[in-house]
Amino acid sequence: MSGREIAVLTVGRSDFTRYRPVLRALREAPDVTLRLLVSGNHFSPTFGETWRDIAASGFSFEAGLEMTLAGDTEAAVGKSISLGTAALAQAFAARRPDLLVILGDRYEMLCGPLAALGFMIPVAHLHGGAVTEGAIDEQVRHALTKMSHLHLTAIDSYAARIRQMGEEAWRVHVVGVPALDDILEAATLTREEASAAVGLDLAQPTLLVSFHPTTLEVDRIEEQTGDLIAALQACGLQAVITYPNADRGHAVIVAAIEALAAGDGRFRLVRNAGNALYGSLMRYCRAIVGNSSSGLVEAGSFRLPAVNIGRRQEGKLKPPHVIDCSHHVEAIEAALARALSDRFRAGIASMCNPYGDGTAGPRAARVLIETPLDHRLLVKKFVDYLP
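Residues numbered from 1 in each chain as written. Predicted model: local features only at pLDDT ≥ 70, side-chain atom pairs only at ≥ 80, totals over all residues. Heavy atoms only, no water.

A.B. asks: Describe the packing of aromatic side chains, and please don't skip the residues or the numbers.
C.D. replies: If you walk through the whole model with that rule in mind, you get 2 aromatic pairs. Relative to Phe59, the ring of Phe16 has its centre 6.1 Å away and its plane inclined at 85°; by these criteria the two rings are edge-to-face. Linking Phe16 in helix H1 (residues 13–28) with Phe59 in the loop between helix H2 (51–56) and helix H3 (74–94), this pair joins segments that are 43 residues apart in sequence. Relative accessible area serves as the criterion here: at 4%, Phe16 is assigned to the buried category. Residue classification places Phe59 among the buried positions, given a relative accessible area of 6%. (Phe/Tyr/Trp six-rings, centres within 6.5 Å; stacked < 30°, edge-to-face > 60°. Helix = DSSP H or I, 4+ residues; strand = E, 2+ residues; numbered from the N terminus. Buried < 20%, exposed > 50% of the residue type's maximum accessible area, 1.4 Å probe, protein only.)

A.B. asks: Help me get a handle on unusual backbone geometry, residues and values and all.
C.D. replies: At Asp31, a residue that is not glycine, the phi angle is positive and equals roughly 65°. Looking at the secondary structure, you find Asp31 in the loop between H1 and strand E2 (32–38). Since its relative accessible area comes to 52%, Asp31 is described here as exposed.

A.B. asks: Kindly report on the environment of Gly361, identifying the contributing residues and their values.
C.D. replies: Within the secondary structure, Gly361 sits in helix H15 (residues 360–370). For Gly361, a relative accessible area of 0% puts it in the buried group. The spacing of Gly361 and Tyr19 is 342 residues in sequence and 7.9 Å in space, taken between C-alpha atoms. Setting aside residues no more than four positions away along its own chain, Gly361 makes contact with Pro21, Val22, Ala25, Pro178 and Asp181. (Contact = heavy atoms within 4.5 Å.)

A.B. asks: Before we move on, could you go through the side chain of Ser293 and cite the residues and values that matter?
C.D. replies: Position of Ser293 among the secondary structure elements: in helix H12 (residues 293–296). Here the side chain of Ser293 touches Arg18 through a polar contact of 3.1 Å, side chain to side chain. Setting aside residues no more than four positions away along its own chain, Ser293 makes contact with Arg18, Glu298, Gln313 and Lys316. (Polar contact = N/O pair within 3.5 Å; in protein donor to acceptor, adjacent residues only side chain to side chain.)

A.B. asks: So what's going on with the pattern of salt bridges? Which residues, and what values?
C.D. replies: By the definition in use, this model includes 18 salt bridges. Notably, a salt bridge pairs Glu167 with Lys146, separated by 2.7 Å at the nearest N-O pair. Pair noted here: Glu167 is in the loop between helix H6 (156–164) and strand E6 (172–174) and Lys146 is in helix H5 (residues 137–147), with a separation of 21 residues, a long-range link. Residue classification places Glu167 among the buried positions, given a relative accessible area of 1%. Taken together, the shared-partner salt bridges in this structure form one network comprising Glu5, Arg35, Glu62 and Arg95. (Salt bridge = Lys/Arg side-chain N within 4 Å of Asp/Glu carboxyl O.)

A.B. asks: Explain the pairing of strand E3 (residues 99–103) residue by residue, including any values.
C.D. replies: Summarising burial for E3: 5 of the 5 residues are buried, a large majority. Along E3, one buried face is formed by Leu99, Val101 and Leu103 and the opposite face, lined by Leu100 and Ile102, is buried too. Pairing of strand E1 (residues 4–10) with E3 involves 3 bridges; the strand directions are parallel. In the strand pairing of E3, Ile6 is matched with Leu99. A crossover links E3 with its parallel partner strand E4 (residues 123–126), the connecting element being helix H4 (residues 111–117), and its sense is right-handed. (Pairing = 2+ DSSP bridges. Right-handed = clockwise from strand over helix to strand, strands pointing away.)

A.B. asks: Tell me what's going on with H5, and back it up with residues and numbers.
C.D. replies: The complete set of buried residues in H5 reads Asp137, Val140, Arg141, His142, Leu144 and Thr145. Among the structural elements, E3, H4, E4, strand E5 (150–153) and H6 are those in contact with the buried residues of H5.

A.B. asks: Lay out the sheet that holds strand E10 (residues 287–290) in plain terms, naming residues and giving numbers.
C.D. replies: The 6 strands lie next to each other as E9-E8-E7-E10-E11-E12, forming an open sheet whose pairing is parallel. Looking at the sheet topology across the chains shown, the edges are occupied by strand E9 (267–270) and strand E12 (322–325). Direction aside, the axes of adjacent strands within the sheet are offset by 20° on average. Sheet topology places strand E8 (residues 238–242) next to E9; 4 bridges connect them, and they run parallel. For Val240, the partnering residue across the bridge sits in E9 and is Arg268. Seen against the sheet, helix H9 (residues 221–235) touches strand E7 (206–210), E8, E9, E10 and strand E11 (306–309) and runs at an angle of roughly 175° to E7. Packing against the sheet, helix H11 (residues 274–284) makes contact with E7, E8 and E10, and its axis sits at approximately 135° to E7. (Axes fitted to C-alpha atoms, helices over the stretch in contact; angles between N-to-C directions.)

A.B. asks: Can you lay out the packing of H9 against helix H10 (residues 250–263) for me, pointing to particular residues and giving the numbers?
C.D. replies: Where H9 meets H10, the axes come as close as 9 Å, and the angle between the chain directions of the two elements is 25°. Overall, the two elements H9 and H10 adopt an arrangement that is roughly parallel. Where H9 crosses over H10, the handedness of that crossing is right-handed. In this structure, H9 contributes Ile221, Glu222, Thr225, Ile229 and Gln233 to the contact, and H10 contributes Val252, Ile253, Ala256, Ile257 and Leu260. Per-class residue counts for the contact of H9 with H10 are 7 nonpolar, 2 polar and 1 charged. (Parallel < 35°, antiparallel > 145°, perpendicular 65-115°, else oblique. Left-handed = near helix turned anticlockwise from the far one by under 90°. Nonpolar A, V, L, I, M, F, W, Y, C, P; charged D, E, K, R; others polar.)

A.B. asks: A description of the sheet that holds E2 should follow, citing residues and the corresponding values.
C.D. replies: As summarised here, the arrangement of the 6 strands in space is E2-E1-E3-E4-E5-E6, forming an open sheet in which the pairing is parallel. The open sheet terminates on both sides in strands that have one partner only, identified here as E2 and E6. Direction aside, neighbouring strands of the sheet carry axes that sit 20° apart on average. Of the pairings in the sheet, the one linking E3 to E4 comprises 4 bridges and is parallel in character. Paired with Leu100 across the bridge in E4 is Val123.

A.B. asks: I'd like to hear about the state of the cysteines, residue by residue, with values.
C.D. replies: Disulfides are covalent bonds that link the sulfur atoms of two cysteine residues. All told, the structure shown has 0 disulfides when counted by the stated rule. Of all cysteine sulfurs in the structure, the one in Cys285 sits closest to Cys235, which takes part in no disulfide; the separation is 12 Å. Taking relative accessible area as the criterion, Cys235 reaches 29% and is therefore assigned partly exposed. (Disulfide = S-S within 2.5 Å.)

So yeah, pure geometry; function would need other evidence.
What follows is the structure in structure tokens.
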């Protein structure tokens, strides 16, 4: 296949990191025009204006696709989706891509296939088939699967789940997690450089904390954040805390961690760590704590113990470096003690990350480049497994 324009939609810091090896492979492919569509909270000052990182990494993108509202309300989600859909529809009207690529389960990602629908643009979805039972992401991910024509999954069980949803087997490909292709090499900062970047001496035992709203338990976010902070204060270690993502309830977490850092010099906040710093923190910290998918997926490549709190990641594959616990203070403290023990660390010292073998980016790009964009791809058939 040749002369193909592939548009890739990124709506936040987490998905761009996971796209990067795929983007590089597409950019280097002959007869492929890569069109990067940047939207969502990439433009939010609260979340570090991560569009600057994209520009600094050498990828160009078109302007005018801002969509995320500043509010932390129920209505902000729906209004942001409408703004993003309108902006992308205008972009597709000006120039129709041959294929649209989306990733994951962020609600902002819904704008891509919604806008593409009227133009009959085929959609390829990365990271479908996973489960996130504690968040609205669960609904979004599976909705994106049914709106897509091509599925690039992380592991075999996720591919099986997509087939169970009625998708034809030839549409489903297991490629792994592209973000793992070069994650170890991307962690380029020395311990001294990473220490200077966060304002802590990482030669001392340090935790990396990444905690996001569990959106199906939004009425409990204040209580859950308070329990996490109490456990962090009690453990006696210093910690680097990243800002949460732009889900409803994030303002509660932001206010709490800002108050914590302002009152205790053991804690430092990072709005946007970026690929090199975040990977370097995984290399030098003693454990990652919170409910981010990076604790399940990326941390395994560093053999970094991960304390996974609550239900946000419930249903996903949990490699042996992951320790699940509830939101209660005592449970977090017990999980932390286990994660920091020499016995646990020795037990995962030789583990292999089941989410990737280092070649997912080129493998995914090959599927995007070689799949025929024909009538067969556009016309979806439901495979009924009922007797």
